[in-house]
Amino acid sequence: MAAQGLVVVASLLIFCLAGSCYGKVHFSTLKRTLDVTASPKQGQVLEAGLDKITVTWALNKTLPAGTDSAYKTIKLKLCYAPISQKDRAWRKTEDELNRDKTCQHKIVAKPYDASNKTVQRYEWLVERDVPKATYFVRAYAFDSNDAEVAYGQTTDGKKSTNLFEINAVSGRHASLDICSICFSVFSVVSLFFFFYIEKRKGKASSSK
Ligand SMILES: *[C@@H]1O[C@H](CO)[C@@H](O)[C@H](O)[C@H]1NC(C)=O
Ligand SMILES: *[C@@H]1O[C@H](CO)[C@@H](O)[C@H](O)[C@H]1NC(C)=O
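Only a predicted model underlies this, so the values are computations on that prediction, with no experimental measurement involved.

What counts and how
Residues numbered from 1 in each chain as written. Chains lettered and ligands numbered in written order. Predicted model: local features only at pLDDT ≥ 70, side-chain atom pairs only at ≥ 80, totals over all residues. Heavy atoms only, no water. Helix = DSSP H or I, 4+ residues; strand = E, 2+ residues; numbered from the N terminus. Buried < 20%, exposed > 50% of the residue type's maximum accessible area, 1.4 Å probe, protein only. Contact = heavy atoms within 4.5 Å. Near = heavy atom within 4 Å. Polar contact = N/O pair within 3.5 Å; in protein donor to acceptor, adjacent residues only side chain to side chain. Areas by Shrake-Rupley, 256 points an atom, 1.4 Å probe, with all protein chains shown as cover. Patch = residues over 30% accessible without salt bridge, like charges linked within 9 Å, V, L, I, M, F, W, Y side chains within 5 Å. Salt bridge = Lys/Arg side-chain N within 4 Å of Asp/Glu carboxyl O.

Visitor: Any chance you could break down the environment of S84 for me, citing the residues and the numbers?
Guide: Within the element layout of this structure, S84 appears in the loop between β5 (73–80) and β6 (105–111). Look at S84 and you get buried, because its relative accessible area is 8%. With 48 residues separating them along the chain, S84 and K132 place their C-alpha atoms 9.0 Å apart. Setting aside residues up to four positions removed in sequence, S84 forms contacts with R91, A133 and T134.

Listed below in structure tokens is the structure:
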């Protein structure tokens, strides 16, 4: 019995270490240590597929030395502002980060160099598949287990300042639609054409 109990405890521990313990990081437990800026001004409207965003990040200088000793990677993400999450469960904010849907668009992941305190910069062309919405930028610091350990963002805690808009690519759907209509018409026409040829062939051979 004791041995069985031990096995159960051991397997629970392994299961825990294997994922569930590391996986459940809550946003509310993260410290805001990164100073993040993004080039768009409050209320600016950017065009997906055309406009660029320059993001900068650096460790806040007021923090004690060693704060960033566990940081291995910085991931920059584009995040939905509350106004664009309203009535949209698929963009809902959850405190548990692997269920959170606030920041769905990855901008970039960069290795973190703790010895280099200069402001880091990344220029990103807004990808064409980014939907029309109001956004801010957030940076997560990940440790060597790929778990979030800290963050920074371009907006305040209430996510109400420094928000910008992105307009979806226009004309893409229209041109795609025209294209598919052309192809449909072409295939119907060619179907009739070959049907007609076949019929003629059939007639020609039967009249011989
Ligand atoms: C750094 O952190 C302090 C304290 O939290 C804050 O007041 C300050 O605004 C931060 N610096 C920047 C550049 O965001
Ligand atoms: C520190 O970061 C800056 C900006 O990315 C870079 O230009 C510079 O070469 C880095 N310095 C060192 C010593 O790695």
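Visitor: Give me the site of ligand 1: which residues, what numbers.
Guide: Close contacts around ligand 1 come from D35, N60 and T62, and that covers them all. Measuring from an oxygen atom of ligand 1, one finds a side-chain N or O atom of D35 at 3.1 Å. Between ligand 1 and T62 there is a distance of 3.5 Å, counted from an oxygen atom to a side-chain nitrogen or oxygen. The protein chains hide 27% of the 360 Å² of surface that ligand 1 would expose on its own.

Visitor: Let's hear about a nonpolar patch on the surface: which residues, and what values?
Guide: The grouping of F193, Y196 and I197 at the surface amounts to a nonpolar patch, some 300 Å² of accessible area in total. Within the element layout of this structure, Y196 appears in helix α2 (residues 172–206). Residue classification places Y196 among the partly exposed positions, given a relative accessible area of 48%.

Visitor: How would you explain unusual backbone geometry if you had to name every residue and give the values?
Guide: At D146, a position not held by glycine, the phi torsion is positive, near 60 degrees. Counting through the fold element by element, D146 comes out in the loop between β8 (133–142) and β9 (148–153). Accessibility expressed as a relative area gives 46% for D146, which makes it partly exposed. The phi torsion at N162 lies on the positive side, around 55 degrees, for a residue other than glycine.

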